[in-house]
Amino acid sequence: MRLLRIYLLSGLLHLKEHLIYRASLLIWLFSMLLEPVVFMMVWRAVALAEGGSAGGHTQGTLTAYYMTMMVVNHLTFTWIMHEYAYRIREGVLAGQLLYPLHPIHRDITMNATYKLLGLALLIPALLMLGLLLQPEFNIEPWQVLVFLPALALAAATRFLMEWALAQSAFWFIENHSFNQAYYVATMFFSGRVAPISMFPDWLASVSRYLPFWASVAFPVETLLGTLTPDEVVAGLVVQTAWLASFAGFVAWIWSRAIRRFGAVGG
């Protein structure tokens, strides 16, 4: 209960903080929503040029895919790996360590409030796209029921994965190259550039064992019904395995990172 109360109070503070910088908030949200729309229009054009479908996807199913991707990507993403070098360099982290609570809790509430505010722009955008482009959704009740835990596991996995990546800033103050490499990998293997089903069979099979697919594309494919029940169960197992791995890795790397930070600070 104490932690829940802290989360609520911290969330309210971050909500006010985000609202202070409304212009930058809108710019970031717009740029994030623009990416799937661009890929959607590209693949719709390819499907039209190919006679109505591309890689087994019609224009309608491609629209449904990228609209769902827009929601999942928004609800799972973080930006923490881009901030940690600044926090260390400018002494922000030193101040946060004075609080009797692990800094990761602050990042959780900050990320959650940002996503909550983002829904104010995301929902109208989805309604507009739905009216203009007529997506083809074929969703069964069981897919919705599985989608919810899959989305929760994806969000937790991606958060811990990116929080672990952020800790590289303790060893490399300019860690942009690590962030860029991660960005390229997650763009490709998370299904944001193209659905994984469009990959060659061997590459699609490999992709479905990677954390990028588990933390983004898997919930999308689950909701849209492109996976069989057995594949959904296998995907949940992959998600759980990656979540447990990153949870352990975060605890391990933080214990070493904070000792290094203390040594430098001393």
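Visitor: What is the right way to read the overall build of the chain from this model?
Guide: Scanning the chain for helices and strands turns up eleven helices and two strands. For the chain, the sequential pattern of α-helices and β-strands runs α-α-β-β-α-α-α-α-α-α-α-α-α. Once the C-alpha set of the chain is aligned to its principal axes, its extents read approximately 65 × 40 × 40 Å. Here the chain holds 266 residues, and 45% of them are scored as buried. Across the chain, contacts joining residues at least 24 apart in sequence account for 77% of those joining residues at least 6 apart. For the chain, the computed accessible surface area is about 13800 Å², with 72% contributed by carbon and sulfur atoms. Of the charged side chains in the chain, 15 are positive and 14 negative; the average position of the first set lies 15 Å away from that of the second.

Visitor: Help me understand the side chain of His-57, please; the structure alone is not making it clear to me.
Guide: Within the fold, His-57 resides in strand β2 (residues 57-58). Using a relative accessible area of 11% as the deciding quantity, one classes His-57 as buried. Here the side chain of His-57 touches Ser-197 through a polar contact of 2.9 Å, side chain to side chain. Other than its neighbours up to four places away in sequence, His-57 contacts Ala-47, Gly-52, Leu-62, Pro-195, Ser-197 and Met-198.

Visitor: Just to check I follow, could you spell out helix α10 (residues 211-224) for this structure?
Guide: Helix length check: α10, at 14 residues, gives a terminal C-alpha distance of 20 Å against a target of 20 Å (1.5 Å per residue), a fit within 8%. A bend of about 50 degrees at Ala-217 is the largest found in α10, and the proline Pro-219 appears one to four places after it. Burial analysis of α10 places 14 of its 14 residues in the buried class, the great majority of the element. The positive-phi residue at the C-terminal boundary of α10 is Gly-225, with phi of around 80 degrees.

Visitor: Looking at this model, I keep getting lost on the pattern of salt bridges. Mind explaining?
Guide: When charged atoms on two side chains of opposite charge get close, those side chains can pair. In total, this model carries six salt bridges according to the counting rule given. Its salt-bridge partner being Arg-87, residue Glu-83 comes within 3.1 Å of it at the nearest N-O pair. Glu-83 gets classed as partly exposed once you look at its relative accessible area, which sits at 24%. Salt-bridge contacts for Arg-87 lead to Asp-107; the nearest nitrogen and oxygen are separated by 2.7 Å. With Arg-87 in helix α4 (residues 84-90) and Asp-107 in helix α6 (residues 103-133), this residue pair connects regions lying 20 residues apart in the sequence. For Arg-87, a relative accessible area of 2% gives the class buried. Taken together, the shared-partner salt bridges in this structure form one network comprising Glu-83, Arg-87, Arg-106 and Asp-107.

Visitor: Explain a nonpolar patch on the surface to me, please; I cannot follow it from the model alone.
Guide: A cluster of nonpolar residues, Phe-30, Leu-34, Val-38 and Val-42, forms a patch on the protein surface that exposes about 350 Å² of accessible area. Its location among the elements puts Leu-34 in helix α2 (residues 22-49).

Visitor: Help me out: how do you make sense of the side chain of Arg-44 in this one?
Guide: In this fold, Arg-44 is placed in helix α2. At 7.7 Å, Glu-136 is the nearest oppositely charged side chain to Arg-44, a buried residue that forms no salt bridge. Ignoring anything within four residues of it in the chain, the contact list for Arg-44 reads Gln-59, Gly-60, Leu-62, Thr-63 and Leu-133.

Visitor: When you look at the confidence of the model for the chain in this model, what are you seeing that I'm missing?
Guide: A low pLDDT score tells you not to read the predicted coordinates there in detail. Confidence in the prediction for the chain averages 88 pLDDT; 92% of positions are at 70 or higher. Averaged pLDDT values for the elements of the chain fall to 69 in helix α1 (residues 2-20) and rise to 96 in α10.

Visitor: Just checking my understanding: could you explain the packing of helix α3 (residues 59-76) against α10 for this structure?
Guide: Packed helix pairs are characterised by how far apart their axes lie and by the angle those axes make with each other. The contact between α3 and α10 brings their axes to 9 Å, and the two run at 135 degrees. The orientation of α3 with respect to α10, classified from their angle, is oblique. For the element pair α3 and α10, the recorded crossing hand is right-handed. Judged by residue contacts, Ala-64, Tyr-65, Thr-68, Met-69, Val-72 and Thr-76 of α3 engage Ser-215, Val-216, Ala-217, Pro-219, Val-220, Leu-223 and Leu-224 from α10. Considering only residue class, the contact of α3 with α10 consists of ten nonpolar, three polar and no charged.

Conventions adopted
- Residues numbered from 1 in each chain as written.
- Predicted model: local features only at pLDDT ≥ 70, side-chain atom pairs only at ≥ 80, totals over all residues.
- Heavy atoms only, no water.
- Helix = DSSP H or I, 4+ residues; strand = E, 2+ residues; numbered from the N terminus.
- Buried < 20%, exposed > 50% of the residue type's maximum accessible area, 1.4 Å probe, protein only.
- Contact = heavy atoms within 4.5 Å.
- Areas by Shrake-Rupley, 256 points an atom, 1.4 Å probe, with all protein chains shown as cover.
- Lys, Arg positive; Asp, Glu negative; His and termini not counted.
- Charge placed at Lys NZ, Arg CZ, Asp CG, Glu CD.
- Polar contact = N/O pair within 3.5 Å; in protein donor to acceptor, adjacent residues only side chain to side chain.
- Expected span 1.5 Å × (residues − 1).
- Bend = angle between axes of the 7 residues up to and from the residue.
- Salt bridge = Lys/Arg side-chain N within 4 Å of Asp/Glu carboxyl O.
- Patch = residues over 30% accessible without salt bridge, like charges linked within 9 Å, V, L, I, M, F, W, Y side chains within 5 Å.
- pLDDT = per-residue confidence, 0-100.
- Axes fitted to C-alpha atoms, helices over the stretch in contact; angles between N-to-C directions.
- Parallel < 35°, antiparallel > 145°, perpendicular 65-115°, else oblique.
- Left-handed = near helix turned anticlockwise from the far one by under 90°.
- Nonpolar A, V, L, I, M, F, W, Y, C, P; charged D, E, K, R; others polar.

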